Amino acid sequence: MAPQHEWFEKDYYKVLGVAPDATEKDIKKAYRKLAGKHHPDRNKGDSAAETKFKEISAAYDVIGDPTKRAEYDEVRRLGPVGRAFGGGDGYPGGFASRSGGGRSFDVGDLSDLLGGIFGGGAARSGGGGPRKGPDLAATLTLSFADAVAGATTSVHLSSDAPCTTCFGSGAAPGTEPQVCNRCEGRGVLNDNQGLFSLSQPCDLCRGRGRIVTNPCATCSGTGLIRRPRQVKVRIPPGVMDGQKIRIPGRGAPGVNGGPPGDLVVELRVGQDRLFGRRDNDLTITVPITVVEAANGADIKVPTIDGRTKTLRIPPGTPSGRTFRIKGEGVKTAKTTGNLLVTVEVVVPTDLTDEQRDALAGLADPSVRDHLFGSTAH
């Protein structure tokens, strides 16, 4: 991805209180501790805590992701040089990223440029060296209950994979790719521009550094074949509709022996017949009778996991009143929501004469007297 100009200014390791060489486990542990302390739900009305929570989340979004962290570390290592070419807000330059626009840049592009300027040959992400494969995207539909409780399932997709005949080399069995004689296997060509020496991918080998003279019949020399596959996905409890989960190493194959990319799964959560959701609280509407509303009652309420809870309805409960059953909402690693029960008084429509006579005794027209006072028009 294109680094943001904040990367030059923000020390995300300092924000989370960890060392630059901290492990992924230490970073995650520090984030959970700080996020729990400053979460808006625990600091209602505290704008400073909300700002701190956003800063913590932004830091973890970068250094909590191995790919982004590597790019962030590279940007920080380049220091003022990286800032000069960054072209972000408030900086000179304007080195364009691969995704377009003139106010951001790609670490690989910057490394290519610096490699050419200082005679470094092929850059870290270019040339004929190993390169990480691209990320793949997939969509997974979950039931409401699985999104709440978490689940382990599989994503079915078709993607490129190393050819099983040539094992990804692209060359027919018994042969090997030849070193490109134009770029001498570097995958890039230098274009001398006086003081500067800029690099560009070799147009003969297309940046691979190798040329297949006797292509594999199975993959036609590409080294890749298209095939269906399944990827197991563990869904944590409490995921939301539209949330994305990154699965490292399950994307497209790398280039020239590089690691595979990641698989990014976007979640689609279905609706439930009974339950709804507000953040981490679950909602349900439960009908009660006129007698239960008037006299009060203990009623059974279903929970999302199939159990029942007893809810006490006090006498004189109006239709639309909401009760809370604590701890029966969405349970995540950070918080536990509640079950919000809204009662709906059901008015009987099919009554016997005896039932109508009994209800007639409850009639009290005085409930509308306030509508016709001295100020009524």
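None of the values given here were measured: they were computed from a predicted structure. (Residues numbered from 1 in each chain as written. Predicted model: local features only at pLDDT ≥ 70, side-chain atom pairs only at ≥ 80, totals over all residues. Heavy atoms only, no water.)

## Topic: the overall build of the chain
Counting secondary structure elements, the chain contains ten helices and 15 strands. If you take every contact in the chain between residues at least 6 apart in sequence, the share linking residues at least 24 apart comes to 59%. As displayed, the chain has an accessible area near 22,600 Å², and 51% of this comes from carbon and sulfur atoms. (Helix = DSSP H or I, 4+ residues; strand = E, 2+ residues; numbered from the N terminus. Contact = heavy atoms within 4.5 Å. Areas by Shrake-Rupley, 256 points an atom, 1.4 Å probe, with all protein chains shown as cover.)

## Quick notes on helix α4 (residues 47-63)
With 17 residues, α4 extends 25 Å from end C-alpha to end C-alpha; this agrees with the ideal 24 Å at 1.5 Å per step. Taken together, the buried positions of α4 are Ala-49, Phe-53, Ile-56, Ala-59, Val-62 and Ile-63. Two or three places before Ala-48, at the opening of α4, Asp-46 has a side-chain oxygen 3.1 Å from that residue's backbone nitrogen. (Expected span 1.5 Å × (residues − 1). Buried < 20%, exposed > 50% of the residue type's maximum accessible area, 1.4 Å probe, protein only. Polar contact = N/O pair within 3.5 Å; in protein donor to acceptor, adjacent residues only side chain to side chain.)

## Some remarks on helix α3 (residues 24-38)
End to end, α3 covers 21 Å across 15 residues, agreeing with the expected 21 Å (1.5 Å per residue, within 8%). Of all the positions in α3, only Ile-27, Ala-30, Tyr-31, Leu-34, Ala-35 and His-38 are classed as buried. With its buried residues spanning 125° around the axis, α3 presents them on a single face. Relative to its buried face, α3 has exposed residues pointing more than 90 degrees away, namely Lys-25, Lys-29, Lys-33 and Lys-37. (Arc of directions from axis to C-beta.)

## Considering the pattern of salt bridges
Following the criterion strictly, the structure yields twelve salt bridges and no others. Between Arg-307 and Asp-305 there is a salt bridge, and its shortest N-O distance comes to 2.9 Å. Arg-307 gets classed as partly exposed once you look at its relative accessible area, which sits at 37%. Note that Arg-307 is salt-bridged to Glu-328, the shortest N-O span being 2.6 Å. Placement of the pair is Arg-307 in the loop between β12 (297-302) and β13 (308-313) and Glu-328 in the loop between β14 (322-325) and β15 (339-346), with a sequence separation of 21 residues. Of the residues examined, Glu-328 reaches a relative accessible area of 10% and is grouped as buried. Connected through salt bridges with shared partners, the residues Asp-65, Lys-132, Asp-135, Arg-246 and Asp-262 form a single ionic network. (Salt bridge = Lys/Arg side-chain N within 4 Å of Asp/Glu carboxyl O.)

## Describing the sheet that holds strand β10 (residues 276-278)
Strand order in the open sheet made by the four strands is β10-β11-β15-β14, with mixed pairing throughout. Of all strands in the sheet, those bounded by a partner on one side alone are β10 and β14. For this sheet, the mean angle separating the axes of adjacent strands, direction not counted, is 35°. Where β10 and strand β11 (residues 281-289) come together, three bridges link them in antiparallel fashion. If you follow Arg-277 over to β11, its bridge partner there is Leu-282. (Pairing = 2+ DSSP bridges. Axes fitted to C-alpha atoms, helices over the stretch in contact; angles between N-to-C directions.)

## Observations regarding the nonpolar core
Tyr-12, Leu-16, Val-18, Ile-63 and Tyr-72 are the most contacted members of the largest nonpolar core, which has 20 residues in total. Breaking this core down by element, the ones donating at least two residues are α1 (6-9), α2 (12-16), α3, α4 and α5 (66-78). (Core = buried A, V, L, I, M, F, W, Y, C linked by side-chain atoms within 4.5 Å.)

## Section: the side chain of Lys-68
You can see Lys-68 is positioned in helix α5. You can call Lys-68 buried: its relative accessible area is 18%. Here Asp-61 takes part through its side chain, which lies 3.2 Å from a polar atom of the side chain of Lys-68.

## Remarks on the confidence of the model for the chain
Per-residue confidence for the chain gives a mean pLDDT of 81, with 81% of residues at or over 70. Mean pLDDT across the elements of the chain bottoms out in helix α7 (residues 107-117) (45) and peaks in β14 (97). Note that residues 111-127 has pLDDT below 50 and, in this model, 36 contacts with residues that lie over four places away or in other chains. (pLDDT = per-residue confidence, 0-100.)

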